[in-house]
Amino acid sequence: MTSLRLLFLGGTGTISTACVRAAVAAGHDVTVLTRGSRDRDLPPEVRRLTGDVRDAESIRAAIGDQRFDVVADFLSFVPEHVATVLSAVEGRTGQYVYISSASAYEKPPRYLPVTESTPLRNPFWQYSRDKIACEQLLVDAHRSRALPVTIVRPSHTYDETKIPTIGGWTDIARLRAGKPVVVHGDGTSLWTITHADDFAVAFTGILGNPAAIGDAFTITGTHAPSWNQIYGWLADAAGVTDPRFVHVASETIAAWAPDLGPTLLGDKAHSVVFDVSKVTRLVPGFRTTVTFDEGARRIVAFYDAHPDQQRVDTELDAAFDAMIAHADRAGSARATTS
């Protein structure tokens, strides 16, 4: 395989760190541009540049006269961000890879599985609408001036540092304290959850691939357990044999904890299963290797080894208690044990 010169805008996040490692393992020449304020363990072969991706002049100063086969943008969330990056790197790369989001697909989905032809529409979550607007800018640029863009849409991608439930570590702490844990809906909706190392295989496989130019790809695994299973595997990993899960409507949770509303109503409240045959045709070796029963064990092991990361959100913890008490009084809570 030909070695590529890659520039990652970002490279210390959950997804991007795994992609950097996969790209180095594949023999590519990898440069990472960040503000330098957050550092994760990256391979020693990676070159590090410091710059502000919100400032085109800062980007240009950091990269100098270098050219790259691929620029992968993990840090642009609104069209203004994309425009700033393009003003600094367009013409210096053979492929600009934009990391969008599968939450941009219509919610609730009319049909499953979701494919790349599913309409982009999310009336519940501004984050998703901003990603759609970024995509539109890039599609227009590809059509008008042949911008060599590839759009990637991941769904829920995690590593050992990311707990996928609405309460994060607060949920694990509640489980271990013998307290009931709130699960949105009835817990039976299916949720595609992908380990970052699996995502990185498909992502690395489309870099520098001419067949990926001017196209969009969903990159998720094929593992879609129910939320009851996800919470149950976390309880097992945490050593809790008799957890109590209280099912509360997503709309009710959003009313009690408004910060959770967009991600619930705009994504997690719905069964979401994806057809990834399009990216698999370009990267035949892509598949799910880490299912969440194993992922849950890795997560709990990481947090048990890093007590400083075990942060309970006291406000959310109190909100969970209030939701459960209210549901119990109303007789509307559905409690189950795993």
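Description of the structure in this document. Keep in mind that this is a model prediction, so the values were computed, not measured. (Residues numbered from 1 in each chain as written. Predicted model: local features only at pLDDT ≥ 70, side-chain atom pairs only at ≥ 80, totals over all residues. Heavy atoms only, no water.)

**Some words on unusual backbone geometry**
Alright, step 1. The omega torsion across Lys107 and Pro108 is -10°, close enough to zero to call that bond cis.
Alright, step 2. Take Pro108: it is sitting in the loop between β5 (96-99) and α4 (126-145).
Alright, step 3. Even without a glycine there, the phi angle at Ala146 is positive, about 60°.
Alright, step 4. Along the chain, Ala146 turns up in the loop between α4 and β6 (149-154). (Helix = DSSP H or I, 4+ residues; strand = E, 2+ residues; numbered from the N terminus.)

**Topic: the sheet that holds β6**
Alright, step 1. One open sheet accounts for seven strands, arranged β3-β2-β1-β4-β5-β6-β10; its pairing is parallel. Two strands lie at the open edges of the sheet, namely β3 (47-50) and β10 (215-219), each paired on one side alone. On average, adjacent strands in this sheet sit at an angle of 20° to one another, irrespective of strand direction.
Alright, step 2. Of the strand pairs in this sheet, strand β1 (residues 5-9) and strand β2 (residues 29-34) are connected by five bridges, and their pairing is parallel. Within the sheet, the bridge partner assigned to Phe8 lies in β2 and is Val32.
Alright, step 3. Strand contacts of helix α3 (residues 79-89): β1, β4 (70-73) and β5, with the helix running at about 165° to β5, the strand carrying the most contacts.
Alright, step 4. Lying over the sheet, α4 contacts β5 and β6, oriented at roughly 160° with respect to β5. (Pairing = 2+ DSSP bridges. Axes fitted to C-alpha atoms, helices over the stretch in contact; angles between N-to-C directions. Contact = heavy atoms within 4.5 Å.)

**Description of the environment of Asp267**
Alright, step 1. Structurally, Asp267 can be placed in helix α9 (residues 261-268).
Alright, step 2. Through-space distance from the C-alpha of Asp267 to that of Ala196 is 19 Å; in sequence the pair is 71 residues apart.
Alright, step 3. When neighbours within four sequence positions are excluded, Asp267 is seen to be in contact with Ser103, Lys107, Trp125, Trp191, Pro262 and Val272.

**Points about the packing of helix α5 (residues 169-176) against helix α12 (residues 314-330)**
Alright, step 1. Where α5 contacts α12, the axes come no closer than 10 Å and their chain directions differ by 60°. Classified by the angle between their axes, α5 and α12 sit oblique to one another. The handedness of the crossing between α5 and α12 is right-handed. Contact with α5, carried on its side by Thr170, Asp171 and Arg174, involves Asp317, Phe320, Asp321 and Ile324 of α12 and no other residues of that element.
Alright, step 2. In the contact of α5 with α12, the residues fall into two nonpolar, one polar and four charged. (Parallel < 35°, antiparallel > 145°, perpendicular 65-115°, else oblique. Left-handed = near helix turned anticlockwise from the far one by under 90°. Nonpolar A, V, L, I, M, F, W, Y, C, P; charged D, E, K, R; others polar.)

**Examining the pairing of strand β11 (residues 244-248)**
Alright, step 1. Among the five residues that make up β11, four are buried, leaving the element largely enclosed by the rest of the structure.
Alright, step 2. Sheet topology note: the strand β8 (residues 181-184)/β11 ladder contains four bridges and is parallel. When the bridges of β11 are listed, Val181 appears paired with Phe245. (Buried < 20%, exposed > 50% of the residue type's maximum accessible area, 1.4 Å probe, protein only.)

**Some points on the packing of helix α1 (residues 14-25) against helix α6 (residues 196-206)**
Alright, step 1. α6 packs onto α1 with a crossing angle of 55° between their chain directions and a minimal axis gap of 8 Å. Here α6 runs oblique to α1, going by the angle between their axes. Crossing of α1 against α6: the hand is right-handed. The segment α1 lies against α6, with Thr14, Ile15, Ala18, Cys19, Ala22 and Ala23 engaging Ala196, Asp197, Phe199, Ala200, Phe203 and Thr204.
Alright, step 2. In the contact of α1 with α6, the residues fall into nine nonpolar, two polar and one charged.

**Topic: helix α7 (residues 227-237)**
Alright, step 1. Taken together, the buried positions of α7 are occupied by Trp227, Ile230, Tyr231, Gly232, Leu234 and Ala235.
Alright, step 2. For α7, the elements touching its buried residues are α5, β8, β11, α9 and α11 (292-305).

**Section: the nonpolar core**
Alright, step 1. Core analysis: the largest hydrophobic core is formed by 75 residues, its most contacted members being Phe8, Val30, Phe203 and Ile219.
Alright, step 2. Of all hydrophobic cores here, the second largest spans 25 residues; its members include Ile59, Tyr96, Ala141 and Val149. (Core = buried A, V, L, I, M, F, W, Y, C linked by side-chain atoms within 4.5 Å.)

**Thoughts on the side chain of His270**
Alright, step 1. Within the secondary structure, His270 is located in the loop between α9 and α10 (277-282).
Alright, step 2. Once residues lying within four places of it in the same chain are set aside, the contact partners of His270 are Lys107, Pro108, Pro109, Ser189, Leu190, Trp191 and Leu265.

**Here we look at the packing of aromatic side chains**
Alright, step 1. Inspection of the entire model under this criterion finds twelve aromatic pairs.
Alright, step 2. Each ring, one from Trp227 and one from Tyr231, has its centre 6.3 Å from the other, and the planes form 55°; the classification is tilted. Placement of the pair is Trp227 and Tyr231 together in helix α7, with a separation of four residues, close to one helical turn. The pair Trp227 / Tyr231 is uniform in exposure class, with both members buried. (Phe/Tyr/Trp six-rings, centres within 6.5 Å; stacked < 30°, edge-to-face > 60°.)

So yeah, pure geometry; function would need other evidence.
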